[in-house]
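As a plain string of letters, each chain reads:
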Amino acid sequence: MDRSRSRRWLGGALALAVGSGLAVTGGAGTAYAADVNVARNAGFEAGLADWTCSAGSGATVSSPVRTGTAALKATPGGQDNARCAQTVAVRPNSTYTLSAWVQGGYAYLGATGTGTTDVSAWTPDSAGWKQLTTRFTTGANTTRVTVYTHGWYGQAAYLVDDVSVFGPDGGGGGDPDPVVPATPAGLTAGAVTPSSVALSWNAVPGATGYHVYRDGTRVQSVTGTSATVTGLAANTSYGFQVSASNAAGESAKSAVVTGRTSDGGTNPNPAVPRHAVTGYWQNFDNGATVQKLRDVQAQYDIIAVSFADSTATPGQIVFNLDPAVGYASVADFKADIAAKKAAGKSVIISVGGEKGNVTINSDASATAFANSAYALMQEYGFSGVDIDLEHGINSTYLTKALRQLSAKAGPGMVLTMAPQTIDMQNTGTEYFRTALAVKDILTVVNMQYYNSGSMLGCDGKVYAQGSVDFLTALACIQLEGGLDASQVGLGVPASPRGAGSGYVDPSVVRNALDCLTRGTGCGSFKPSKTYPALRGAMTWSTNWDATAGNAWSNAVGPHVHNLP
């Protein structure tokens, strides 16, 4: 974070709050004009320097932050309330305004050892940044005061940024003013596509942002140490430079590095195997094991990155890599995609999910989807898309969107779908209609056999989730409703924690696969014929699978790969 900028603006705001040109009067009646923020490392840009956190409860994070590049994250545990504190130099008989911005779980801000009345302020959990503010007056002999933050026992972690102890300088000063940062070193060109070049460089101390130049023209500004320049012509060389910036100004530009886009004449996507295992990789932390793509278990043939985000433009999607998954840069993420593809895996971008909603209900939104999805494929190297829209679809326009995307991406595009059980009860539903309308470009439909009530099987009987019959009798609807067996997969949770309901033991999945492909292992429902070309199985998610010790992929993966 730009700590000096924060100190100046925040300090100014606090000064205005208590009266323009705040004057603090000492015991002898002297007015001190040069009020400063006497907290050191007030924005945690230097890690935990000048701060002490109880029981190792504190750490700095790069996201979320209020300003700059760092914030404090402190996690209560057991009998520890995650107290982080520092001692600041103050003047006797002086008044200070103490403030900080907090987010997350219960958060407290206070001061002790004031020599008069110690103070504190607190707030319950907050989804966004919220400022806590209080004031204290020092005693006649007080030259040191301890300021602190803490959470509450058994509550979630809290975050702190932009701490201010604003008042007369007690001799310790505040954070130093920034200087113009040095020129970034180590600029390199990484992965390329026909329309983009990925860049990365070394971090510069004191920088709060970086500017990227293409052939001398600024084209991007970022806060991290990587960027992907898009909108380029195929098979063309470009010169790239980067500069560092903060409140003091911008550095000189780095030496020029040349990057050349690819010609786009080859299909870079590996083929999906006859029998495939699909797994959703979580681009967020929800309590399951956090993975990088490189950590995804080898049994997975199709890895669906979850999820793309919608924008204000109907149909348009973007992808935002969540810092919670631990990548140092977007370039590292792209490198993992390339490595998985080199290992024969398909990495696709999933659209939708429980909380995602992308609306495609017009020609314009269909085109916006196709254009933006193809741009993501070009930028990141995705092999295709997964449609996991759970808030209703319009078959007419989704079909148009997928056909436009296929025309751009070519025959190597991987297209998967993950409808809910209600969406595939008959061929007249919007999802089923879409699957049939794009059958010639469709890879697999992995219906979600979970978070469902009882449903009809292809024999007209009602089956409850959680059994072999539920899997086989509902799959039969798709197999007999017009989809090829190679376009049907069984989607189940990887662990009981992976879904609200519908988890089945991997042995049940294996039995269902055998029932459909070999005619063995069936329950009361027995299909009228076998479907040896059945594509395989899917799970939510690779992360929940890892949480459960990879039990699902270790049991189901080899079984899928050994189907007839």
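The structure under discussion appears in the preceding block.
Residues numbered from 1 in each chain as written. Predicted model: local features only at pLDDT ≥ 70, side-chain atom pairs only at ≥ 80, totals over all residues. Heavy atoms only, no water.

Draft legend 1. Examining the pairing of strand 12 (residues 144-150) more closely. For strand 12, the tally of buried residues reaches five of seven residues, placing the bulk of the element in the interior. Relative to strand 12, strand 7 (residues 84-89) runs antiparallel, the two being bridged by six bridges. Its bridge partner lying in strand 12, Val88 is registered against Val145. (Buried < 20%, exposed > 50% of the residue type's maximum accessible area, 1.4 Å probe, protein only. Helix = DSSP H or I, 4+ residues; strand = E, 2+ residues; numbered from the N terminus. Pairing = 2+ DSSP bridges.)

Draft legend 2. Summary view of the state of the cysteines. Taken as a whole and judged by the stated rule, the model has three disulfides. The disulfide bridge from Cys53 ends at Cys84, spanning 2.1 Å between sulfur atoms. The sign of the 115° torsion about the S-S bond sets the Cys53-Cys84 disulfide as right-handed. You can see Cys53 sitting in strand 4 (residues 52-53) and its partner Cys84 sitting in strand 7, a full 31 residues away along the chain. The disulfide partner of Cys515 is Cys522, and the S-S distance across this bridge is 2.0 Å. Given an S-S torsion of about 100°, the disulfide between Cys515 and Cys522 has right-handed geometry. (Disulfide = S-S within 2.5 Å.)

Draft legend 3. The sheet that holds strand 14 (residues 188-193), seen in detail. If you trace the three strands from one edge of the open sheet to the other, you get 14-15-18, paired in antiparallel fashion. With one partner strand each, in any of the chains shown, strand 14 and strand 18 (226-229) form the two edges of the open sheet. Strand-to-strand twist in this sheet, taken as the mean axis angle between neighbours without regard to direction, amounts to 20°. Bridge count for strand 15 (residues 196-200) against strand 18 is four bridges, and the pairing is antiparallel. The residue of strand 18 that forms the bridge with Ala198 is Thr228. (Axes fitted to C-alpha atoms, helices over the stretch in contact; angles between N-to-C directions.)

Draft legend 4. Spotlight on the side chain of Asp386. Looking at where Asp386 falls in the secondary structure, it is placed in strand 27 (residues 384-389). Buried charge Asp386 goes without a salt bridge, the closest partner of opposite sign being Arg535 at 12 Å. Residues within four places of Asp386 in sequence aside, it is in contact with Tyr280, Ile348, Ile349, Ser350, Val351, Thr416, Met417 and Ala418. (Lys, Arg positive; Asp, Glu negative; His and termini not counted. Salt bridge = Lys/Arg side-chain N within 4 Å of Asp/Glu carboxyl O. Contact = heavy atoms within 4.5 Å.)

Draft legend 5. A look at the packing of helix 7 (residues 506-518) against helix 9 (residues 551-561). Put simply, helix 7 and helix 9 touch, their axes get as near as 9 Å, and they point 15° apart. The angle between helix 7 and helix 9 places the two elements in the roughly parallel class. Seen along the crossing, helix 7 lies across helix 9 with a hand that is right-handed. For the pair helix 7 and helix 9, the contacting residues are Pro506, Val509, Arg510, Leu513, Asp514 and Arg518 in the first and Ala551, Trp552, Ala555, Val556, His559 and Val560 in the second. Across the contact of helix 7 with helix 9, the residue classes tally to eight nonpolar, one polar and three charged. (Parallel < 35°, antiparallel > 145°, perpendicular 65-115°, else oblique. Left-handed = near helix turned anticlockwise from the far one by under 90°. Nonpolar A, V, L, I, M, F, W, Y, C, P; charged D, E, K, R; others polar.)

Draft legend 6. Geometry of the packing of aromatic side chains. This structure, assessed with the given rule, holds 21 aromatic pairs. Look at Tyr108 and Trp152: their rings are 5.7 Å apart centre to centre, the planes differ by 35°, and that puts the pair in the tilted class. Taken together, the residues span a long stretch of sequence, with Tyr108 in strand 9 (residues 107-112) and Trp152 in the loop between strand 12 and strand 13 (158-168) at a distance of 44 residues. By relative accessible area, Tyr108 is classed as buried at 17%. (Phe/Tyr/Trp six-rings, centres within 6.5 Å; stacked < 30°, edge-to-face > 60°.)

Draft legend 7. Up close: the packing of helix 3 (residues 363-380) against helix 4 (residues 395-409). Across the interface, helix 3 lies against helix 4 with an axial gap of 8 Å and an inter-helix angle of 35°. Between helix 3 and helix 4 the crossing geometry is right-handed. Side by side, helix 3 and helix 4 meet where Asp363, Ala366, Thr367, Phe369, Ala370, Asn371, Ala373, Tyr374 and Met377 of the first sit next to Tyr397, Lys400, Ala401, Leu402, Gln404, Leu405, Lys408 and Ala409 of the second. Classifying every residue of the contact of helix 3 with helix 4 gives eleven nonpolar, three polar and three charged.

Draft legend 8. Broad picture of helix 6 (residues 468-480). With 13 residues, helix 6 ought to run about 18 Å at 1.5 Å a step, and its terminal C-alpha atoms sit 18 Å apart, in line with that. Extensive coverage of helix 6 is indicated by the burial of twelve of its 13 residues. Here helix 6 has its buried residues at Val468, Asp469, Phe470, Leu471, Thr472, Ala473, Leu474, Ala475, Cys476, Ile477, Gln478 and Leu479. Each element contacted by the buried residues of helix 6 is listed here: helix 5 (430-437), strand 29 (444-448), strand 30 (455-456), strand 31 (462-463), strand 32 (488-493) and helix 7. Phi turns positive one or two residues past the end of helix 6, at Gly482, with a value near 125°. (Expected span 1.5 Å × (residues − 1).)

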